[in-house]
Number of protein chains: 6
Amino acid sequence: MPIVQIELLAGRTVDQKRALVAKVTNAICESLDVTPDKVSIILRDMEYHNYAKNGKLFSDK
Amino acid sequence: MPIVQIELLAGRTVDQKRALVAKVTNAICESLDVTPDKVSIILRDMEYHNYAKNGKLFSDK
Amino acid sequence: MPIVQIELLAGRTVDQKRALVAKVTNAICESLDVTPDKVSIILRDMEYHNYAKNGKLFSDK
Amino acid sequence: MPIVQIELLAGRTVDQKRALVAKVTNAICESLDVTPDKVSIILRDMEYHNYAKNGKLFSDK
Amino acid sequence: MPIVQIELLAGRTVDQKRALVAKVTNAICESLDVTPDKVSIILRDMEYHNYAKNGKLFSDK
Amino acid sequence: MPIVQIELLAGRTVDQKRALVAKVTNAICESLDVTPDKVSIILRDMEYHNYAKNGKLFSDK
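Residues numbered from 1 in each chain as written. Chains lettered and ligands numbered in written order. Predicted model: local features only at pLDDT ≥ 70, side-chain atom pairs only at ≥ 80, totals over all residues. Heavy atoms only, no water.

Notes on the pairing of strand β1 (residues 3-9) of chain F
Phase 1 of the analysis: Along β1 of chain F, 7 of the 7 residues are buried, which leaves the element largely enclosed by surrounding structure.
Phase 2 of the analysis: Here β1 of chain F shows a buried face lined by I3, Q5, E7 and L9 of chain F and a second buried face lined by V4, I6 and L8 of chain F.
Phase 3 of the analysis: Direction of pairing for strand β1 (residues 3-9) of chain A relative to β1 of chain F: antiparallel, over a ladder of 5 bridges. The residue bridging Q5 of chain A from the neighbouring strand is Q5 of chain F, located in β1 of chain F.
Phase 4 of the analysis: Pairing of β1 of chain F with strand β2 (residues 40-46) of chain F, which is carried by 7 bridges, proceeds in the parallel orientation. When the sheet's bridge partners are listed, I6 of chain F is paired in β2 of chain F with L43 of chain F.
Phase 5 of the analysis: Note on the crossover from β1 of chain F through helix α1 (residues 14-32) of chain F to β2 of chain F: the handedness is right-handed. (Buried < 20%, exposed > 50% of the residue type's maximum accessible area, 1.4 Å probe, protein only. Helix = DSSP H or I, 4+ residues; strand = E, 2+ residues; numbered from the N terminus. Pairing = 2+ DSSP bridges. Right-handed = clockwise from strand over helix to strand, strands pointing away.)

This is the structure in structure tokens:
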């Protein structure tokens, strides 16, 4: 039943996402004693002008 | 005041979304005794490589 | 695969939530042509001091 | 540590977003007594057919 | 129409939250040229064992 | 910069959460080539009457 939402900076490849969801699902199953079919993951790509830290857009850094 | 966020797989038409928000708003008003003007809905389209279940991207299934 | 998140003001009964998730699931299935077993819903109760509109906490209205 | 997510209607310029994250970060630092480097902000652009109020898509208004 | 979600560490007073929503609403109105009645804010309190950075729970720091 | 939100059913121990955030952070660092200090994780506990699948509250199953 765990539902995961991950915001990541735009530009990741599908290969990176494929590895990411496999490894994150494993990490959850090991820690919470659930089976992988219970784990849903939503990825969201953030454009550099849609993320800010310290009051500044990432695209301005 | 209910605020709804719905993640759906990319590819839904505007007609489907129009029906979706009308029906979901009705469902909420009937269940929670609120008026429709209080209900906000955010839709987010998920590309097939941005959703995973069972450790696999949906685009790989 | 639709994943729904609903923020509602605290104080709803379990009966109201039971009706809510049944009706919202129906609304989604009718609009998007998915089966109910694909629909996940997360409810979150907002305390009145954790929701604001027009710059004011709901608990101050 | 505050993490902020803001959904805004599509069409905002990068200049508007730059001002937005600077001012929101300030607002948080003044209210919660944290330093700006602790504040993360995610912006998400909503297409007009991906936001609804009162049971209607914004694109239909 | 901007909808804001803010995760903050548990322990903030209602007075701090009152100031926070007033100032954040102002910040948004000034930056995006919207009126305050359009701005909704959801606050969520994070227990120290429900937030992690650098692979560690905040309660362990 | 990855920001992770995980909804989990209520009842997990702090030990389980400690393992979870350590392993999920590792999984992200290995997949996306970021350092652990860039990874933030928010956990949210869902009461059984606040999660539904197939139109039914989890507390009714």
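Thoughts on unusual backbone geometry
Phase 1 of the analysis: The backbone of N54 of chain B sits at a positive phi, close to 60 degrees, despite the residue not being glycine.
Phase 2 of the analysis: Residue placement: N54 of chain B occurs in the loop between β3 (51-53) and β4 (56-57).
Phase 3 of the analysis: If you check the backbone angles, D33 of chain C has positive phi at about 60 degrees while not being a glycine.
Phase 4 of the analysis: Turning to its location among the elements, D33 of chain C is positioned in the loop between α1 (14-32) and β2 (40-46).

Describing the relation of the copies chain A and chain F
Phase 1 of the analysis: For these two chains of identical sequence, chain A goes onto chain F by a turn of 180 degrees and a shift of 0.0 Å along the axis, with RMSD 0.0 Å. Both copies are brought into coincidence by an operation consistent with a two-fold rotation axis. (Least-squares fit on C-alpha atoms with pLDDT ≥ 70 in both.)

Remarks on the interface of chain A and chain F
Phase 1 of the analysis: The interface of chain A with chain F comprises 25 residues on the first partner and 25 residues on the second.
Phase 2 of the analysis: Here chain A and chain F share an interface that buries about 2200 Å² over both sides, 66% of which is from carbon and sulfur atoms.
Phase 3 of the analysis: Taken together, the links from chain A to chain F amount to 2 salt bridges.
Phase 4 of the analysis: With a shortest N-O distance of 3.2 Å, E30 of chain F and K23 of chain A are connected by a salt bridge.
Phase 5 of the analysis: Applying the counting criterion to the chain A and chain F interface returns 7 residue pairs in polar contact (both at pLDDT 80 or more).
Phase 6 of the analysis: For the side of chain A that touches chain F, the elements supplying multiple residues, two or more each, are β1, α1 (14-32) and β2 (40-46) of chain A.
Phase 7 of the analysis: Looking at side-chain class alone, the side of chain A that touches chain F contains 17 nonpolar, 3 polar and 5 charged residues. (Contact = heavy atoms within 4.5 Å. Buried area = accessible area lost by both parts, 1.4 Å probe. Salt bridge = Lys/Arg side-chain N within 4 Å of Asp/Glu carboxyl O. Polar contact = N/O pair within 3.5 Å; in protein donor to acceptor, adjacent residues only side chain to side chain. Nonpolar A, V, L, I, M, F, W, Y, C, P; charged D, E, K, R; others polar.)

A look at the sheet that holds strand β2 (residues 40-46) of chain E
Phase 1 of the analysis: In space, the 8 strands of this open sheet follow the order β4(A)-β3(A)-β2(D)-β1(D)-β1(E)-β2(E)-β3(C)-β4(C), with mixed pairing throughout. Of all the strands in the sheet, just β4 (56-57) of chain A together with β4 (56-57) of chain C have a single pairing partner and so form its edges.
Phase 2 of the analysis: Looking at chain direction, strand β3 (residues 51-53) of chain A and strand β2 (residues 40-46) of chain D are connected through 3 bridges and run antiparallel. Bridging across to β2 of chain D, Y51 of chain A finds its partner in I42 of chain D.
Phase 3 of the analysis: Running over the sheet, helix α1 (residues 14-32) of chain E touches β3 (51-53) and β4 of chain C, β1 (3-9) of chain D together with β1 (3-9) and β2 of chain E and is turned about 140 degrees from β2 of chain E. (Axes fitted to C-alpha atoms, helices over the stretch in contact; angles between N-to-C directions.)

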